[in-house]
Amino acid sequence: MKNFEYKNPTKILFGEGQIASLNNEIPENAKVMLLYGGGSIKRNGIYEQVKAALHQRDTVEFGGIPANPEYEILLKALNEIKEEKVDYLLAVGGGSVIDGVKFLAAAALYEGEEPWDILAKNIGRDVGLPFGTVLTLPATGTEMNSFSVISRAETKEKLGMSGLGLFPQFSILDPKVVHSIPKRQIANGIVDAFNHVMEQYITYPANANLQDRIAEGILQTLIEVGPKVMNDPTDYNAAANFMWSCTMALNGLIQNGVPGDWAVHMMGHELTALHQIDHARTLAIIGPNHYKYNFENKKEKLTQFGERVWNITEGTMDEKAQKAIEHTIAFYHQLEVPTKLSEYTENYKGSSQFIVDQFTKRGWTGIGERGDLTPDDVKKIVEMSY
Ligand code: NZQ
Ligand code: ZN
């Protein structure tokens, strides 16, 4: 097992009715801005619950943060934060709203001229405005981590950032929010969380027995409850297990002491920037081909995944590893998530070159858990995914 440091300061309030305790978590004299997305919270009753919980607090609001939070729109929120002298942010939404708020938390205290530099120049953000979240869509794990991914349509970029200042102070996880999530977004959540585990688990053996078992437990839980939640989002226990699995998949716990890959996310983010494909779907497109392409390097963990998660008992090591990839693709299909780029767009042909150019420009010339995947490898993986 590798050495590691682990600190996660986010307080979780989990369960039905927890939104009502919101007010206790925010400092009494804070000037709060409530931020949300395209309006789902106004249709499903979450907005009313949040407003009721905030009692008579003087809050300003900023709505309209789109899926794949857009830089230009966030700049408008940033202006309001400064004008209104807001000193506490409350994100009510899915990954996009929460990530947008993380960016704003950093940007509000950033003294440089161009806030995009926080992302482009990878300036670590150890301080930010304090913020809390009410999660409305289990998927990304952003409610309990310090990552944020921001899009910029003008330059077709989608870049990530992280830093100690970007952990939410608290996150409220009420599984009842799952009731109103469209099937397609539930499928996205399952596939995203599944891939978060895979990025930290399908690498090479690191003698991290507990981390492996937790990773396998999350994958098995997603396989077990995912289809149940898709069929009936009002199944409280299935929704609760789905929600907590998504959080646990990316709160740092299973990353401790093990190598991380993240190449699937790096390629996937480019497909979203280029074709506006939902984040999770890009992972379903790239992931299986990434494992096929890197089969020799990953086959020990793929075999373990096949044996322990998919209960594959027959065949050689290679056969078990191959079958594990096939089972994964079948699982995505069961969730009605297509796994080929050409099923999402007709203009797929230039994608591999676009991604290679972006990676080369940024100096990302050795990625994956071994740092040995070159732009040429990336090109081949993307083309296998057409
Ligand atoms: O905008 P509204 O109207 O709220 O509708 C949203 C949006 O259209 C809707 N929705 C959310 N909760 C709902 C609901 N609809 C009905 N009922 C509810 N309770 O769902 C749509 C998608 O929301 P979004 O927030 O975009 O989805 P998700 O949570 O999947 O977030 C995706 C973003 O997170 C980033 C992705 O790249 C993408 O930009 N990621 C962030 C990570 C992190 N910070 O750790 C890691 C991930 O790998 C990922 O990259
Ligand atoms: Zn993801």
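Bear in mind that the values here come from a model prediction, so they are computed numbers and not experimental data.

Digging into the environment of F4
Note that F4 resides in the segment before β1 (11-14). A relative accessible area of 44% means that F4 is categorised as partly exposed. Non-local contacts of F4, meaning those with residues more than four positions away in its chain, are made with Q211, N256 and G257.

Structural notes on the coordination of the zinc ion (ligand 2)
Distances from the zinc ion (ligand 2) to its protein donors, D192 (OD), H196 (NE2), H265 (NE2) and H279 (NE2), fall at 2.0 to 2.1 Å. For the zinc ion (ligand 2), the donor residues sit on a single chain with the sequence spacing D-x3-H-x68-H-x13-H. Placement of the pair is D192 and H196 together in helix α7 (residues 183-201), with a separation of four residues, close to one helical turn. What makes D192 buried here is its relative accessible area of 2%.

Section: helix α8 (residues 209-231)
In this model, α8 (23 residues) spans 34 Å end to end at C-alpha, consistent with the 33 Å of a helix rising 1.5 Å per residue. At V225, α8 shows its largest bend, some 35 degrees, and a proline, P227, comes one to four positions later. Burial in α8 covers these residues: Q211, D212, A215, E216, I218, L219, L222, V225, G226, P227, V229 and M230.

A few points about the packing of helix α4 (residues 71-84) against helix α5 (residues 95-108)
Here α4 crosses α5 at 50 degrees, and the two axes come no closer than 10 Å. Regarding the angle of α4 to α5, the classification is oblique. Two packed elements cross with a definite hand, and for α4 against α5 that hand is right-handed. Contacts from Y71, L74, A77, L78, I81 and K82 of α4 reach α5 at G100, F103, L104, A107 and A108. When grouped by side-chain class, the residues that make up the contact of α4 with α5 number nine nonpolar, one polar and one charged.

Concerning unusual backbone geometry
Trans peptide bonds make up the majority, and among non-glycine residues the majority have a negative phi. Phi at W262 is positive, roughly 70 degrees, even though this residue is not glycine. By the element assignment, W262 lies in the loop between α9 (236-249) and α10 (263-275). Here the phi dihedral of Q276 falls at roughly 60 degrees; this positive angle occurs in a residue that is not glycine. Within the secondary structure layout, Q276 lies in the loop between α10 and α11 (279-293). When its relative accessible area of 57% is taken as the criterion, Q276 is described as exposed.

Let's talk about helix α14 (residues 351-362)
Taking 1.5 Å per residue as the helical rise, α14 with its twelve residues ought to reach 16 Å, and the 17 Å between its terminal C-alpha atoms agrees with that figure. Taken together, the buried positions of α14 are S351, S352, F354, I355, V356, Q358 and F359. Packing partners of the buried residues in α14 comprise β7 (157-162), α10 and α15 (375-384). Remark: G363 follows α14 within two positions and exhibits a positive phi of approximately 80 degrees.

Thoughts on the site of ligand 1
Residues in contact with ligand 1 amount to 33 residues; listed here are only the nearest, G38, S40, G95, S96 and H196. Here a nitrogen atom of ligand 1 and a side-chain polar atom of N44 are 3.5 Å apart. T142 is positioned with one of its side-chain polar atoms (N or O) 3.2 Å from a nitrogen atom of ligand 1. Taken together, the residues that form the shell around ligand 1 break down as ten nonpolar, 20 polar and three charged. Looking at the shell around ligand 1, you find at least three residues from each of domain 1 (11-176) and domain 2 (182-384).

Regarding the packing of α10 against α11
Between α10 and α11, whose axes approach to 8 Å, the crossing angle comes to 130 degrees. Taken as axis vectors, α10 and α11 run oblique relative to one another. In this structure, the crossing between α10 and α11 has a hand that is right-handed. Contacts between α10 and α11 pair A263, V264, H265, M267, G268, H269, L271 and T272 from the former with H279, T282, L283, I285, I286, G287 and H290 from the latter. Split into classes, the residues belonging to the contact of α10 with α11 amount to seven nonpolar, eight polar and no charged.

Considerations on the side chain of D174
Assignment of secondary structure puts D174 in the loop between β8 (170-173) and α7. No salt bridge is formed by the buried D174; its nearest oppositely charged neighbour, K176, is found at 7.0 Å. Reaching out from D174, the side chain makes a polar contact with the backbone nitrogen of G17 at a distance of 3.2 Å. Among the polar contacts listed, one links the side chain of D174 to the backbone nitrogen of K176, at a separation of 2.8 Å. What D174 contacts, discounting residues up to four positions off in sequence, is G15, E16, G17, Q18, I19 and M243.

Some points on the environment of K298
Take K298: it is sitting in helix α12 (residues 295-308). The class for K298 is buried, based on a relative accessible area of 1%. Distance from K298 to T203, taken between C-alpha atoms, is 5.5 Å for residues 95 residues apart in sequence. Dropping the residues within four chain positions of it, K298 is found in contact with I202, T203, D261, H290, Y291 and E369.

A word on the environment of G45
In this fold, G45 is placed in the loop between α2 (40-43) and α3 (46-53). Taking the relative accessible area as the measure of exposure, G45 reaches 23% and is therefore partly exposed. Remark: the alpha-carbon pair of G45 and P27, spanning 18 residues in sequence, is separated by 25 Å.

About the cut-offs
Residues numbered from 1 in each chain as written. Chains lettered and ligands numbered in written order. Predicted model: local features only at pLDDT ≥ 70, side-chain atom pairs only at ≥ 80, totals over all residues. Heavy atoms only, no water. Helix = DSSP H or I, 4+ residues; strand = E, 2+ residues; numbered from the N terminus. Buried < 20%, exposed > 50% of the residue type's maximum accessible area, 1.4 Å probe, protein only. Contact = heavy atoms within 4.5 Å. Donors = N, O, S within 2.8 Å, 3.2 Å for Na, K, Ca; no water. Expected span 1.5 Å × (residues − 1). Bend = angle between axes of the 7 residues up to and from the residue. Axes fitted to C-alpha atoms, helices over the stretch in contact; angles between N-to-C directions. Parallel < 35°, antiparallel > 145°, perpendicular 65-115°, else oblique. Left-handed = near helix turned anticlockwise from the far one by under 90°. Nonpolar A, V, L, I, M, F, W, Y, C, P; charged D, E, K, R; others polar. Near = heavy atom within 4 Å. Polar contact = N/O pair within 3.5 Å; in protein donor to acceptor, adjacent residues only side chain to side chain. Domains from an automatic or database assignment. Lys, Arg positive; Asp, Glu negative; His and termini not counted. Salt bridge = Lys/Arg side-chain N within 4 Å of Asp/Glu carboxyl O.

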